[in-house]
Amino acid sequence: MIRIKPSIEFKGNCLRCEADLAAGRVLWQGIHVCAVSECSNCGAEIIADLKAGQALFTAYRIDLAKGTLSGDEGQRRWFGTPFLSSLQHPDHDRTISLNVEQFSRHSKVIILNCIDFLYGHSLLKLLNADAHLRENPDMGLIVIVPRYLRWMVPEGVAEIWTVNMPLAKAQNFYPRLDQLIHAECERFDEIYLSPAHSHSADFDITRFTGIKRHDFSSERFRVTFIWREDRHWFVRRIWVRIGRRLSVVKSLLLRWQNFKVRKLFSALRTEFPTAEFTVAGLGTTTAFPSWVDDRRVAGFDDETEQQMCRIYGESRVVIGVHGSNMLLPSAHAGMTIDLMPDDRWPNLAQDMLYQETDSRMAAYRYRYLPLGCKLSTLALIAIRQISGWDWFRNAMADRKKAGDR
Ligand SMILES: [Zn+2]
C-alpha cells in the first residue's frame, strides 16, 4: 500500500533534469492516481503514476507543460498516451458525481480505486477488497467503483464512492471528480492507496455477488455456453475483424456460432439427458430450439447480472471464448472450458477466477483448449470432465481433502 496522507510516499525523478522529486499533492486522474511534484532544481511540474493497478508494472511520468510522456514503450499506446491526452484535454462535464455511502467511521483508511475503461479490469481490481477486509481490519476500506460494479461491493467496507462514469469515457480526466475525491479525503487523518492488483488470488466470489458457487452434489445441473457477439467462436480471426465492420459477415458468424453451440449441446445431451442446456451472456441474435434454455440478455443491469451468476452457479461446466465474459462464469461454475484464440495464449488464465486452492483440482476444473479445437474433441473433453469428476476427486483425496475453493 502507498501512503498518500498525511504525506505522499513517492520516489521519482524529474523528466527534464532527473533531479529527485518530492510529491506535493495527489491527482485523481481516474484510472491513474498520480503524484504531482514541482522539481526543486528546474521548476518543472511532473505528474507521475503512483504504483497501483497497471501502473504497478508500467508507471508513466508526464511533463504537461512540454507535452512529454515517459515510461514503458510496450504499453504506451493503450495506457500511456491516453493518460497524457486526458490531462491535455480535461473533460469538464459538470454532471460527473461521486455518490458517497458511509457504513462506519475511521480516521485511517485504504482507498481501492476500481475505475478502469475495461470492464474486466474494474472487476479484477474490486476483488482486492476481500484481502483488505481480512488483512487490514484496523483500517476502513473505501472502494471507488463505477456504477455498474456497485452491486458487487462486499459487505464490511467502510464506504462506497460510486462514480457515474460510463465505461467508454473512463479514460477521461474529470477535474470535478478529482475535486470531489479530494474533498472526501479531508475527513481522514491517514490514507493509503491500495495497489489494486490485477489478479487477486485469494477471494471468495460469493462475498461479492451474493451467489453461491456450484454445488457438485446437486443431481440437476446445467451445461452453459457463454455467448458473446463481438468475439466469435470462429477460428479465422480475419473474418471476426471483418464482422465488426460488416453486419452481413457478423450475422453469418453468429449463425455459425449458434449451429456449433447446438451441435456441441446435442453431443453432450446424449450423455446427460437430464441436464439443462443453457446459453447465457450478452447478445440475443439468432434463435435456439426449445430444448435449449436461452437466457441471453440484450444488456446487463444489477438484476440481470445476478440472474446470470445464479445460472453460472447452477452450471456443472461453462464453455466459452476467452475474454472478460468468462470471469464471473468461471468463478461460480463447477468447471470451465476456455476456448483460446491463437493470439491470446499469453493471456492464459487472466479471464478465469479460480475458486480452487488445490492445484490438482484446479487443473481438472479449469481447462484451456484452442479455439479451433474440433467440436467432437471439445464435446468428448467436456463429457469426460463432467462424468469423471467424482472419480477424480476421490482418487486425489488421499493426501489432501479436495476443497470446493
Ligand atoms: Zn527538474
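Please read all numbers here as calculations on a predicted model, not as lab measurements.

> Please clarify how the overall build of the protein should be interpreted in this entry.
Looking only at helices and strands, the protein has twelve helices and 19 strands in total. Principal-axis analysis of the C-alpha atoms places the extent of the protein at approximately 75 × 50 × 40 Å. The buried share of the protein, reckoned over its 405 residues, is 52%. A separation threshold of at least 6 residues defines the contact pool for the protein, and within that pool the share at least 24 residues apart is 64%. Total accessible area computed for the protein in this model is approximately 18,700 Å², and 50% of it derives from carbon and sulfur atoms.

> It is not clear to me how the environment of Asn 128 should be interpreted in this structure. Could you clarify?
Examined against the element boundaries, Asn 128 turns out to sit in helix H3 (residues 128–135). It is 34 Å that separates the C-alpha atoms of Asn 128 and Val 235, two residues lying 107 residues apart in sequence.

> How do you make sense of the side chain of Gln 29 when you look at a structure like this?
Its location among the elements puts Gln 29 in the loop between strand E4 (23–28) and strand E5 (33–38). Gln 29 sits in the buried class, given a relative accessible area of 2%. From its side chain, Gln 29 meets the backbone nitrogen of Ile 31 in a polar contact 3.1 Å long. Here Gln 171 takes part through its backbone oxygen, which lies 3.2 Å from a polar atom of the side chain of Gln 29. Those residues within four positions of Gln 29 in sequence are excluded, and the remaining contacts are Cys 34, Phe 83, Ser 86, Leu 87, Gln 171, Asn 172, Phe 173 and Tyr 174.

> So what exactly am I meant to see when it comes to the coordination of the zinc ion here?
Six octahedral donors around a metal ideally sit at 90 or 180 degrees from one another, while four tetrahedral donors ideally sit at 109.5 degrees. Cys 14 (SG), Cys 17 (SG), Cys 39 (SG) and Cys 42 (SG) make up the full set of protein donors to the zinc ion, lying at 2.2 to 2.3 Å. Coordination at the zinc ion is tetrahedral, judged from the four donor atoms that bind it and the angles of 99 to 120° they form at the metal. Taking the relative accessible area as the measure of exposure, Cys 17 reaches 29% and is therefore partly exposed.

> Sorry, what's going on with the sheet that holds strand E19 (residues 366–370) here?
Whenever strands of a sheet pair, they do so through backbone hydrogen bonds, lying parallel or antiparallel. Pairing within the open sheet is parallel, and its six strands lie in the order E16-E15-E14-E17-E18-E19. The outermost strands of the open sheet, each flanked by one partner alone, are strand E16 (292–294) and E19. Strand after strand, the sheet turns through a mean of 20° between neighbouring axes, direction not considered. Pairing geometry for strand E18 (residues 335–340) and E19, over five bridges, is parallel. Bridge assignment links Met 340 to a residue of E19, and that residue is Pro 370. Helix H11 (residues 375–387) contacts strand E14 (222–227), strand E17 (315–321), E18 and E19 of the sheet and is inclined by roughly 160° relative to E18.

> What am I meant to see in the nonpolar core here?
Proteins that are soluble and globular tend to have nonpolar side chains buried together. Counting residues in each nonpolar core, the largest one holds 50 residues, and the members touching the most others are Trp 28, Leu 50 and Trp 161. There are two domains that each give this core at least three residues, and those are domain 1 (7–88) and domain 2 (98–200). In contact with Leu 50, not counting residues within four places along its chain, are Ile 2, Ile 4, Ile 8, Glu 9, Phe 10, Val 33, Cys 34, Ala 35, Ala 55 and Leu 193. Formed by 38 residues, the second largest nonpolar core is a distinct cluster that contains Leu 123, Leu 126, Leu 141 and Ala 333.

> Explain the sheet that holds strand E1 (residues 2–5) here, please?
Pairing within the open sheet is mixed, and its six strands lie in the order E1-E13-E10-E11-E12-E9. Two strands bound the open sheet, and with one partner strand each, they are E1 and strand E9 (98–102). On average, each strand axis in the sheet is inclined to that of its neighbour by 25°, with strand direction left out of account. As defined by bridge partners, strand E10 (residues 108–113) adjoins strand E11 (residues 140–146) across five bridges and the pair is classed as parallel. In the sheet register, Ile 110 faces E11, and the bridge partner there is Leu 141.

> Teacher, can you tell me more about the packing of aromatic side chains here?
The relative placement of two aromatic rings is captured by the distance of their centres and the angle of their planes. Within the structure shown, the criterion is met by 15 aromatic pairs. Ring pairs connect the aromatic residues Tyr 60, Trp 78, Phe 79 and Phe 117, which therefore count as one cluster. The ring of Trp 227 is capped by Arg 296, whose NZ or CZ atom sits 4.7 Å from the centre of that ring. A cation sits over an aromatic face here: Arg 367 above Tyr 364, 4.5 Å from the ring centre.

> Sorry, what's going on with helix H8 (residues 302–313) here?
Counting along an α-helix, one turn takes 3.6 residues, and residues three or four places apart therefore face a common direction. Taking 1.5 Å per residue, twelve residues should reach 16 Å; H8 reaches 17 Å between its end C-alpha atoms and fits that length. Inspection of H8 places Thr 304, Glu 305, Met 308, Cys 309, Ile 311, Tyr 312 and Gly 313 among the buried residues, and these make up the whole buried set. Of the surrounding elements, those touching the buried residues of H8 are helix H2 (119–126), helix H5 (206–209), E14, strand E15 (276–281), E17 and helix H9 (327–332). At the N-terminal end of H8, a side-chain oxygen is found 3.0 Å from the backbone nitrogen of Glu 303, two or three residues along, and the residue is Asp 301.

> Just checking my understanding: could you explain H3 for this structure?
Looking at H3, one finds that the buried residues are Asn 128, Ala 129, Asp 130, Ala 131 and His 132. Elements that come into contact with the buried residues of H3 comprise E10, H2, E11 and H5.

What counts as what
Per-chain numbering applies: the sequence of each chain, read as written, is numbered from 1 onward. The predicted origin of the model limits local features to residues at a pLDDT of at least 70 and limits the giving and counting of side-chain atom pairs to 80 or more, whereas totals for whole chains, interfaces and linings rest on all residues. Only heavy atoms go into the side-chain values, all of them from the structure, while hydrogens and water stay out. Secondary structure elements follow DSSP: runs of H or I of four or more residues count as helices, runs of E of two or more count as strands, with numbering from the N terminus. Only protein chains enter the calculation, and the probe is 1.4 Å; a residue is then buried if its accessible area is under 20% of its type maximum, exposed if over 50%, and partly exposed in between. Only heavy atoms enter the contact rule, under which two residues are in contact if any of them lie within 4.5 Å. For accessible areas, the Shrake-Rupley method is used with a probe of radius 1.4 Å. Any residue's cover is judged against the shown protein chains and nothing else. N or O atoms closer than or at 3.5 Å make up a polar contact, with two conditions inside protein: a donor-capable atom paired with an acceptor-capable one, and, for residues adjacent in sequence, both atoms drawn from side chains. A 2.8 Å cut-off from the metal defines N, O and S donors, relaxed to 3.2 Å for Na, K and Ca; water is not in the atom list, so some sites may appear incomplete. Geometry assignment treats four donors as tetrahedral when all angles are between 85 and 135 degrees, treats four as square planar and six as octahedral when opposite donors are over 155 degrees apart and all others between 65 and 115, and treats everything else as irregular. Whether two strands pair comes down to DSSP finding at least two bridges between them. Note on geometry: axes are lines fitted to C-alpha atoms, helical ones only across the stretch in contact, with angles between N-to-C directions running from 0 to 180 degrees. Buried Ala, Val, Leu, Ile, Met, Phe, Trp, Tyr and Cys residues that are joined via side-chain atoms within 4.5 Å together make up what is termed a nonpolar core. Residue ranges labeled as domains rest on an automatic or database domain assignment. Note on aromatic contacts: the rings of Phe and Tyr and the six-membered ring of Trp form a pair at centre separations within 6.5 Å, being stacked when their planes are under 30 degrees apart, edge-to-face when over 60 apart, and tilted otherwise. To sit over a ring, a charge needs its Lys NZ or Arg CZ within 6 Å of the ring centre and within 35 degrees of the ring normal. Expected span of a helix, by definition, is 1.5 Å for each gap between consecutive residues, and there is one gap fewer than residues.

These figures come from the coordinates and say nothing about function on their own.
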